[in-house]
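Reading the structure
Residues per chain are reported as follows:
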Amino acid sequence: MAQPPPDVSEDDCLPEYRHLFCPDLLRDKVAFITGGGSGIGFRIAEIFMRHGCHTVIASRSFPRVSMAARKLAAATGQRCLPLSMDVRDPPAIVAAVDQALKEFGKIDILINCAAGNFLCPASSLSFNAFKTVMDIDTLGTFNVSHVIYKKFFRDHGGVIVNITATLGTRGQVLQVHAGSAKAAVDAMTRHLAVEWGPQNIRVNSLAPGPISGTEGIRRLGGPHTSKILASPLQRLGNKTEIAHSVLYLASPLASYVTGALLVVDGGAWLTFPNDLKLLADFASFSAKL
């Protein structure tokens, strides 16, 4: 069985890196990455930069992306522009994209990685809590894609990769908000691939499984860890594995791939059981965002 590539659990760059793809695969490309200051987004930025790409990493927390940008630039020698931006705020997105274009003159790749999630039964989910996840995940993905399309992709082409999930594939307890939001993004991926393909824009989704060293596994994975280890590959994935898969979709290697959903979860979605007993553990829980 193939061994996973090395990774670190913190939001730090890899101490060493062995290229599995051509080192200049993304030479002089520019990637705009939402949620790029931490977790999977941070590692995507690092792996892209280790393949010659410059990056823009955007998050609501400017201190977080500023620190991340310093780490990324020092480790890779590529340029990284940190920007404070809320994906729910179209004027803020316009300002951020304008700043990115002023800095680099172009955007070749968009990675929609910003997301929100928590565990909650549907019966305890407040209206605002459901709306908040939909606003960040679904509307946020559309907002950023739409702005970058209008500002650059429409006339120059480009690549979009939306980071989604397999939650909506069959229905998952405690995840109606995130599953609905990500399923909508997967549908959006297909619609945009059809409409924007003639302008040389490829749009794909990538659905990670349970990934070590992420906020998601820390907040959501606790009671499920033993079940994850019973999945076909019998282990958690890591952030480098996800970043390599995103690198493939964003690169010329996937030049004829659009409108697709790539599941990168070690087969977990095929075997992961629903645990209805968990509903009882959350009987008195209420999400009041």
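Preceding this paragraph is the structure being described.
First things first, this report covers the structure right here in the doc. (Residues numbered from 1 in each chain as written. Predicted model: local features only at pLDDT ≥ 70, side-chain atom pairs only at ≥ 80, totals over all residues. Heavy atoms only, no water.)

**Focus on the side chain of His244**
Rules: Working definition: helices are DSSP H or I runs of at least four residues, strands are E runs of at least two. Numbering for both runs from the N terminus. Residues adjacent in sequence count toward polar contacts only when both atoms are side-chain atoms; beyond that, a polar contact is any pair of N or O atoms within 3.5 Å, and within protein one must be able to donate a hydrogen and the other to accept it.
If you trace the backbone, His244 turns up in helix H8 (residues 239-250). Within the local environment of His244, its side chain forms a polar contact with the side chain of Tyr17, the two groups lying 2.8 Å apart.

**Points about the sheet that holds strand S3 (residues 80-84)**
Picture the strands of a sheet paired through backbone hydrogen bonds; they go either parallel or antiparallel. Using the following cut-off: Two strands pair if DSSP finds at least two bridges between them. Angles run from 0 to 180 degrees between N-to-C directions of axes, and those axes are lines fitted to C-alpha atoms, restricted for helices to the stretch in contact. By the convention used here, residues are in contact when the closest approach between their heavy atoms is within 4.5 Å.
Strand order in this open sheet of seven strands is S3-S2-S1-S4-S5-S6-S7, and the pairing throughout is parallel. The sheet terminates laterally at S3 and strand S7 (261-264), the two strands that pair on one side only. In this sheet, adjacent strand axes meet at a mean angle of 20° when their direction is disregarded. Taken together, the five bridges between strand S1 (residues 30-34) and strand S2 (residues 54-59) define a ladder with parallel strand orientation. Directly across from Val30, in S2, lies its bridge partner His54. The strands that helix H5 (residues 176-196) touches are strand S5 (158-163), strand S6 (201-208) and S7; relative to S6, the one it contacts most, it runs at about 160°. Its contacts with the sheet place H8 against strand S4 (109-112), S5, S6 and S7, and it is angled at close to 165° to S6.

**Focus on the packing of aromatic side chains**
Formally: We call Phe, Tyr and Trp rings a pair once their centres come within 6.5 Å, taking the six-membered ring for Trp, and we label the pair stacked below 30 degrees between planes, edge-to-face above 60, and tilted otherwise. Only protein chains enter the accessibility calculation, which uses a 1.4 Å probe; a residue is then buried when its area is under 20% of its type maximum, exposed when over 50%, and partly exposed in between.
Inspection of the entire model under this criterion finds one aromatic pair. Ring geometry for Tyr149 and Trp196: centres 4.2 Å apart, planes at 10°, overall stacked. Note that Tyr149 is positioned in helix H4 (residues 127-156) and Trp196 in helix H5, a separation of 47 residues in sequence. Exposure class is identical for Tyr149 and Trp196. Each is buried.

**Quick notes on the nonpolar core**
Counted only if it meets this: We define a nonpolar core as any set of buried Ala, Val, Leu, Ile, Met, Phe, Trp, Tyr and Cys residues linked to one another through side-chain atoms lying within 4.5 Å.
In this structure, Ile44, Phe48, Ile57, Ile111, Val161 and Val246 are the most contacted members of the largest nonpolar core, which totals 37 residues. Of all the elements in the fold, those that place two or more residues in this core are S1, helix H1 (39-49), helix H2 (62-76), S4, S5 and H8. Sort the elements by how many residues they give to this core and H1 lands first, with seven residues. Once residues lying within four places of it in the same chain are set aside, the contact partners of Val161 are Leu110, Ile111, Asn112, Asn204, Leu206, Val246, Leu249 and Ala250. Within the second largest apolar cluster, 31 residues are counted, among which are Val30, Ile107, Leu192 and Ala193.

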